[in-house]
Amino acid sequence: MTSRLRSEKQEPGPLPEPFKVNCQTEVEVKHGVGLHARPSVTFTRLAKSFPCSIEIAVNGSDVWLNGKSIIKIMGAKIRKGSILRIRADGILAEEAIRALKELIERNFDEEKKHGRTA
């Protein structure tokens, strides 16, 4: 007796909840000079490490900028006291939002790198 196995191509199901999410948060920039070159690079590098889309809006603007674009982030001229809305859509969006918010709250880790306060 021989038995045959049928191979049926199955469509992948939706991703489980913690993996695919749309989320948003707000955070105040407290870094002494805002998002100048180094903090912008740090922010975009971290944003690029996540597979989801990441966008930011500055001070209540309805214009959403690509959070993975160094040109867009530096061009926004984000100063100390600015309120950033960060939103992410897709896989690991929630982790991306959390990591980026924590980075901003830690002043982009510049005190550790340069031995000074920002």
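Throughout, a residue's number is its position along its own chain's written sequence, starting from 1. Given that this is a predicted model, residues contribute local features only at a pLDDT of at least 70 and side-chain atom pairs are listed and counted only at 80 or more, while totals for whole chains, interfaces and linings are drawn from all residues. In computing side-chain properties, one takes all heavy atoms of the structure into account and sets aside hydrogens as well as water.

Observations regarding the pairing of strand β2 (residues 53-58)
Remark: a regular strand shows side chains that alternate across the two faces of the sheet.
Alright, step 1. Looking at chain direction, β2 and strand β4 (residues 83-91) are connected through six bridges and run antiparallel. Bridged to V58 within β4 is L84.
Alright, step 2. As judged from the two bridges shared by β2 and strand β3 (residues 65-66), these two strands associate in the antiparallel manner. Residue pairing across strands places E55 opposite N66, the latter belonging to β3. A pair of strands is labelled paired if DSSP reports no fewer than 2 bridges between them. Numbered from the N terminus, helices here are DSSP runs of H or I no shorter than four residues, and strands are runs of E no shorter than two.

Some remarks on the side chain of T25
Alright, step 1. Relative to the elements of secondary structure, T25 occurs in strand β1 (residues 20-28).
Alright, step 2. Under this definition, polar contacts are N or O atom pairs within 3.5 Å; protein pairs additionally need one hydrogen-donor-capable and one acceptor-capable atom, and for neighbouring residues in sequence, both atoms have to be side-chain atoms. A distance of 3.5 Å separates polar atoms of two side chains, one belonging to T25 and the other to K101.
Alright, step 3. In this analysis, two residues are considered to be in contact whenever any of their non-hydrogen atoms come within 4.5 Å of each other. Those residues in contact with T25 that sit more than four places away from it in its chain are L84, R85, I86, I97 and K101.

Points about the packing of helix α1 (residues 37-48) against helix α3 (residues 93-105)
Alright, step 1. Under this scheme, a helix contributes an axis fitted over its contacting stretch, all axes are lines through C-alpha atoms, and angles between N-to-C directions fall in the 0 to 180 degree range. Running from N to C, α1 and α3 cross one another at 165°; their axes reach a closest spacing of 10 Å. On the basis of their axis angle, the class for α1 and α3 is roughly antiparallel. Here α1 and α3 pass one another in a crossing that is right-handed. Here α1 contributes T42, F43, L46 and A47 to the contact with α3, which in turn contributes A99, L100, L103 and I104.
Alright, step 2. In this count, Pro and Cys sit with the nonpolar residues alongside Ala, Val, Leu, Ile, Met, Phe, Trp and Tyr, while Asp, Glu, Lys and Arg are called charged and the others, Gly among them, polar. Split into classes, the residues belonging to the contact of α1 with α3 amount to seven nonpolar, one polar and no charged. By the definition adopted for this analysis, an angle is roughly parallel if under 35 degrees, roughly antiparallel if over 145, roughly perpendicular if from 65 to 115, and oblique otherwise. Handedness of a crossing is defined here by the sense of rotation of the near helix relative to the far one, left-handed for an anticlockwise turn of less than a right angle and right-handed for a clockwise turn.

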